[in-house]
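# Inside the fold
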Amino acid sequence: MTNDTEEGAGRANFHLKEAIRSYWSERARTFDLAFGHGILSEAEFSAWQEPIRATLGVKPLRVLELACGTGEVTRLIHDLGHEVTALDFSEAMLSVAKAKHAGKPRLRFILADAENTMEPDAAYDAIVCRHLVWTLTEPEATFREWHRLLRPGGKLVIYDGDWAQPSPIGRLAERLVALIDRFSGPDPYYDGSLSQRHAEIMRALPFGRGLRFEQLSGLLEEAGFKGIEKMSHAPVARAQRKSANLRNCLRTFVYRRFILTAHSSTAR
């Protein structure tokens, strides 16, 4: 029998999930224009793609992309020859992604929750996600779910960072961005009028006070992942700066970002 505390927690989680879905859905139409989300140059494309290439190898695999958004990372994976299932729980985001990739083979889109996919056990050779982990409402259960989805030895690639606590140099960069905003006007695509909602959602999340590689790797180990390694995000930031304006160049220094790779245990 479910007690009142469990029911209350369930209701709170439901409202948080709906707030997250609503927020990303409202950003779908212009999301590719936001710095750090749209992949705007060949140099940036190559930099984002290289960790996937290095981790997954050259053999075509069955890959699950979680929280695919507008399909930018979908392109990175698909262009390497893999069979991709791209998942998101925002219909608005999926609509943009489907239009972007219309008619492509080896690609399907599904409307589902990255925390509870409803996909079969051991259905995938690899899982890839970008800027998803910090939004998870139940990370421990979610990482067990991801481990369940992978075949033994399956690969995991996570792009994420600490979006709550700027690095020491990042605090200076953040102040300079604020000065540019003050004199040139705010960037309309960098959260825009939704920034307060973003802050409210972040405060309610388990990783709302920050996400560190060491913290994430420990939770993944508990879920059964092995061979956890950290790759530098610096090549992506350097590629972004090649074609970015001053404000966006400064943004590449604000947060501690990382790329994590791992594989599922060989025994169930």
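Calculation criteria
- Residues numbered from 1 in each chain as written.
- Predicted model: local features only at pLDDT ≥ 70, side-chain atom pairs only at ≥ 80, totals over all residues.
- Heavy atoms only, no water.
- Phe/Tyr/Trp six-rings, centres within 6.5 Å; stacked < 30°, edge-to-face > 60°.
- Buried < 20%, exposed > 50% of the residue type's maximum accessible area, 1.4 Å probe, protein only.
- Lys NZ or Arg CZ within 6 Å of the ring centre and 35° of its normal.
- Helix = DSSP H or I, 4+ residues; strand = E, 2+ residues; numbered from the N terminus.
- Arc of directions from axis to C-beta.
- Pairing = 2+ DSSP bridges.
- Right-handed = clockwise from strand over helix to strand, strands pointing away.
- Salt bridge = Lys/Arg side-chain N within 4 Å of Asp/Glu carboxyl O.
- Axes fitted to C-alpha atoms, helices over the stretch in contact; angles between N-to-C directions.
- Contact = heavy atoms within 4.5 Å.
- Patch = residues over 30% accessible without salt bridge, like charges linked within 9 Å, V, L, I, M, F, W, Y side chains within 5 Å.
- Areas by Shrake-Rupley, 256 points an atom, 1.4 Å probe, with all protein chains shown as cover.

### What about the packing of aromatic side chains?
Applying the stated criterion to the full structure yields 7 aromatic pairs. Centre to centre, the rings of Y23 and W24 are 4.8 Å apart; their planes meet at 75°, and the pair counts as edge-to-face. You'll find Y23 and W24 in the same group, each marked buried. Site record: aromatic cluster; members linked through ring pairs are Y23, W24, F31 and W134. In this structure, R62 packs its charged tip against the face of Y124, placed 5.4 Å from the ring centre. A cation over a ring is seen here: R251 above Y190, with NZ or CZ 3.6 Å from the ring centre.

### A closer look at helix 7 (residues 195–204)
Within the span of helix 7, buried status applies to H198, I201 and M202. All buried residues of helix 7 fall inside an arc of 100° around its axis, so they share one side.

### A short note on the pairing of strand 2 (residues 83–88)
Note on strand geometry: in a regular strand, side chains alternate between the two faces of the sheet. By the criterion of burial, strand 2 is predominantly enclosed, with 5 of the 6 residues buried. Note that strand 1 (residues 62–66) and strand 2 share 5 bridges and pair parallel. Considered in strand 2, the bridge of E65 is made with A86. Handedness of the crossover is the feature at issue here: the chain leaves strand 1, passes through helix 3 (residues 72–78), returns alongside strand 2, and the resulting connection is right-handed. Bridging between strand 2 and strand 3 (residues 107–111) involves 5 bridges; their strand directions are parallel. Bridge pairing in strand 3 links L87 to I110. For the segment spanning strand 2, helix 4 (residues 91–100) and strand 3, crossover handedness is right-handed.

### Quick notes on the pattern of salt bridges
Going through the model one piece at a time under the given rule, you end up with 15 salt bridges. Here K17 makes a salt bridge to E115, at a shortest N to O gap of 3.0 Å. With K17 in helix 1 (residues 4–27) and E115 in the loop between strand 3 and strand 4 (124–130), the pair connects residues that are 98 residues apart, well separated along the chain. For E115, a relative accessible area of 13% puts it in the buried group. R197 serves as the salt-bridge partner of E26, at 3.0 Å between the closest nitrogen and oxygen.

### Focus on the sheet that holds strand 7 (residues 256–264)
Strand order in the open sheet formed by 7 strands is 3-2-1-4-5-7-6, with mixed pairing between adjacent strands. A single partner strand is all that each edge strand has here, and the edge strands are strand 3 and strand 6 (225–232). Averaged over all neighbouring strand pairs, the angle between strand axes comes to 20°, with direction disregarded. Along the sheet, helix 2 (residues 42–56) makes contact with strand 1, strand 4, strand 5 (150–162), strand 6 and strand 7, crossing strand 5 at roughly 160°.

### Some thoughts on a nonpolar patch on the surface
Together, L172, L176, L179 and F183 give the surface a local cluster of nonpolar side chains, amounting to about 400 Å² of exposed area. Relative to the helices and strands, L176 is located in helix 6 (residues 168–184).

### With respect to helix 9 (residues 234–243)
For helix 9, the complete set of buried residues consists of V236, A237, A239 and Q240. Buried positions in helix 9, seen along its axis, are confined to an arc of 165° and lie on one side of it. Structurally, helix 9 contributes buried residues whose contacts are with helix 2 and strand 7.

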